Amino acid sequence: MEGNKTVERADILEYLAFSTYMQGNIRQALKLTDELLEERPNHQRAQGNKVYYEEALQQQKTQKRGELGDFMDEDATAVEKEYTISESMGEVEKWQIERQAYERLCRGEGKLSPEMLLKLHCFYKTGPSAYLRLSPVKTEIAHIHPTIYIFHDILADSEISDIKELATPKFKRATVQNYKTGELETASYRISKSSWLKAEDSKTVEKVNQRIEVITGLNMQTAEELQVANYGIGGHYEPHFDYARREEKDAFKSLGTGNRIATFLFYMSDVDAGGATVFPQLELSLWPKKGTAAFWHNLHPSGEGDTLTRHAACPVLVGTKWVSNKWIHERGQEFRRPCELDPRAL
Ligand SMILES: O=C(O)CCC(=O)C(=O)O
Ligand SMILES: [Fe+2]
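Along each chain, residue indices are assigned from 1 in the same order as the chain's sequence is written. For naming, the first written chain is A and the first written ligand is 1, with later ones following in the order written. pLDDT decides what is reported in this predicted model: residues at 70 or higher carry local features, side-chain atom pairs at 80 or more are listed and counted, and totals for whole chains, interfaces and linings draw on all residues regardless. To obtain the side-chain values, all non-hydrogen atoms of the structure were included, while hydrogens and water were left out.

**Remarks on the sheet that holds strand 4 (residues 172-173)**
Basically, it comes down to this: For two strands to be treated as a pair, DSSP must find no fewer than two bridges joining them. A run of H or I in DSSP counts as a helix once it spans at least four residues, and a run of E counts as a strand once it spans at least two, with each numbered from the N terminus. Whether two residues are in contact is decided by their heavy atoms: any pair within 4.5 Å suffices. Axis definition: a line fitted to C-alpha atoms, over the contacting stretch in the case of helices. Angles run 0 to 180 degrees between N-to-C directions.
Pairing in this open sheet of nine strands is antiparallel, and the strands run 1-2-3-15-11-18-9-8-4 from one edge to the other. What marks the edges here is a single partner per strand, and that holds for strand 1 (122-125) and strand 4. Strands strand 8 (193-197), strand 9 (226-231), strand 11 (260-267) and strand 18 (321-329) of the sheet are contacted by helix 8 (residues 157-167), whose axis makes an angle of about 105° with strand 8. Contacts from helix 9 (residues 203-216) reach strand 1, strand 2 (137-143), strand 3 (148-152), strand 8, strand 9, strand 11, strand 15 (293-297) and strand 18 within the one sheet, and its direction differs from that of strand 11 by about 120°.

**Regarding the pairing of strand 15**
Filter applied, for reference: Whether a residue is buried, partly exposed or exposed follows from its accessible area with a 1.4 Å probe, protein chains only, as a fraction of its type maximum: under 20%, in between, or over 50%, in that order.
The buried fraction of strand 15 is high, at four of five residues. Looking at chain direction, strand 3 and strand 15 are connected through three bridges and run antiparallel. Directly across from Tyr 149, in strand 15, lies its bridge partner Phe 295. Pairing geometry for strand 11 and strand 15, over five bridges, is antiparallel. Directly across from Phe 266, in strand 15, lies its bridge partner Ala 293.

**Structural notes on the side chain of Thr 216**
Selection criterion: Counting of polar contacts relies on pairs of N or O atoms within 3.5 Å, with two restrictions inside protein: one atom must be capable of donating a hydrogen and the other of accepting it, and residues adjacent in sequence are counted only when both atoms are side-chain atoms.
Residue position: Thr 216 is located in helix 9. Given a relative accessible area of 17%, Thr 216 falls into the buried group. Side-chain polar atoms of Thr 216 contact the backbone oxygen of Ile 212, separated by 2.7 Å. A distance of 3.1 Å separates a polar side-chain atom of Thr 216 from the backbone nitrogen of Leu 218.

**So, the site of ligand 1**
Operational definition: Any residue with at least one heavy atom within 4 Å of a molecule or strand is counted as near it. Here the open area of atoms and residues is found with the Shrake-Rupley method and a 1.4 Å probe, where only the protein chains shown may cover a residue. Each residue is assigned to one of three groups, with Ala, Val, Leu, Ile, Met, Phe, Trp, Tyr, Cys and Pro labelled nonpolar, Asp, Glu, Lys and Arg labelled charged, and all others, Gly among them, labelled polar.
Around ligand 1, the surrounding shell holds 13 residues, and the nearest of these are Tyr 231, His 240, Thr 277, His 311 and Lys 321. With respect to ligand 1, the side chain of His 240 contributes an N or O atom lying 3.1 Å from an oxygen atom. Measuring from an oxygen atom of ligand 1, one finds a side-chain N or O atom of Thr 277 at 2.5 Å. Starting from 290 Å² of accessible surface for ligand 1 in isolation, the protein chains cover 98%. Taken together, the elements giving at least two residues each to the shell around ligand 1 come down to strand 10 (236-240), strand 16 (311-313) and strand 18. When residues of the shell around ligand 1 are assigned to their parent elements, the largest contribution, four residues, is made by strand 18. A class-by-class count of the residues in the shell around ligand 1 yields six nonpolar, four polar and three charged.

**Topic: the coordination of the iron ion (ligand 2)**
Ideal geometry at a metal centre: 109.5 degrees between donors when four sit tetrahedrally, and 90 or 180 degrees when six sit octahedrally. For the record, the criterion: Distances decide who is a donor: an N, O or S atom must be within 2.8 Å of the metal, or within 3.2 Å for Na, K and Ca. Water is not included, so sites may look incomplete.
Distances from the iron ion (ligand 2) to its protein donors, namely His 240 (NE2), Asp 242 (OD) and His 311 (NE2), fall within the range 2.1 to 2.2 Å. Written as a sequence motif, the donor arrangement for the iron ion (ligand 2) is H-x1-D-x68-H.

**Section: unusual backbone geometry**
It is generally the case that most residues other than glycine have a negative phi and that most peptide bonds are trans. A cis amide bond, omega 5°, links Gly 127 with the succeeding residue Pro 128. His 145 connects to Pro 146 through a cis peptide bond whose omega is -5°. Summarising the element assignment, Pro 146 is placed in the loop between strand 2 and strand 3. Phi is positive for Asp 153, which is not a glycine, with a value near 45°. On the secondary structure map, Asp 153 appears in the loop between strand 3 and helix 8. One non-glycine residue with positive phi stands out, namely Phe 252, at about 60°. Its location among the elements puts Phe 252 in the loop between strand 10 and strand 11. A relative accessible area of 15% means that Phe 252 is categorised as buried.

Spatial relationships are all this shows, so hold off on functional conclusions.
And the structure:
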């Protein structure tokens, strides 16, 4: 990419401004146009667009005052489209803040605090099982409280090709669960293709499941099958929890294995640009690297959901992104990750 100088920065800024405008974020479109004009003060279309965006912004402000009250910020256009229905202003504002963090982290502009950075470290995980003693796993701590682990060189290229080959013929558009009706449906906030692989499907899938068990110390008997997902350009999954909240109707009921206690996420490709997994409340972006995996607990040891684990898959900008997820459930972990009475215990 670095060597490819065929596109002018000014052109990128112009297109980016227009597409940002089309998504409803006029203020950002104006900001990008100002940036373009700083570089090219005589850019005619940019001069015209600036006036146009300024007027649109003014118009939007007047409209919004009528609809939502004086304190609504103009940046909320995109928010409004999906969120006005019955949510209170507090919810809208929260959504807006999260949206800004999501976009910032996707651009790679997250900043972990110096205190956090001091605590991050790497080590070889050598126990407790004999497997790990013989074959230690390169482990990186990417965040503390909640602890987010990155395991390096955890999948071989040959295993990745096997998994891709098995998954591809079964791909379907990915769905989400409607939290009111419990139905699975497609949604514009999750764009990818996915399929599920059983351990019985192949020796590779069976071995991969065993590896997750050894590394996490958690029981795989109650885990979901291995989900494989592929994101094309623009593919993404907006901020969400992997675990079910109390108000969600019958989530995971048919499985009978409780909530999703933990997530194990394999990266099965590098991504040329975009495609990070981001945690908006943690200032954390994880960049896909073929053969690595991320792991975190979604629930506190009390069984209470850890809201800080809310995360998203950023849009792929260049290239394609492959991941596979193993969602590990509560049942079967009673002695491996014992409960705590304190709801917030770590
Ligand atoms: O693809 C990613 O980076 C994250 C995917 C994810 O969060 C999910 O499928 O639940
Ligand atoms: Fe997720």
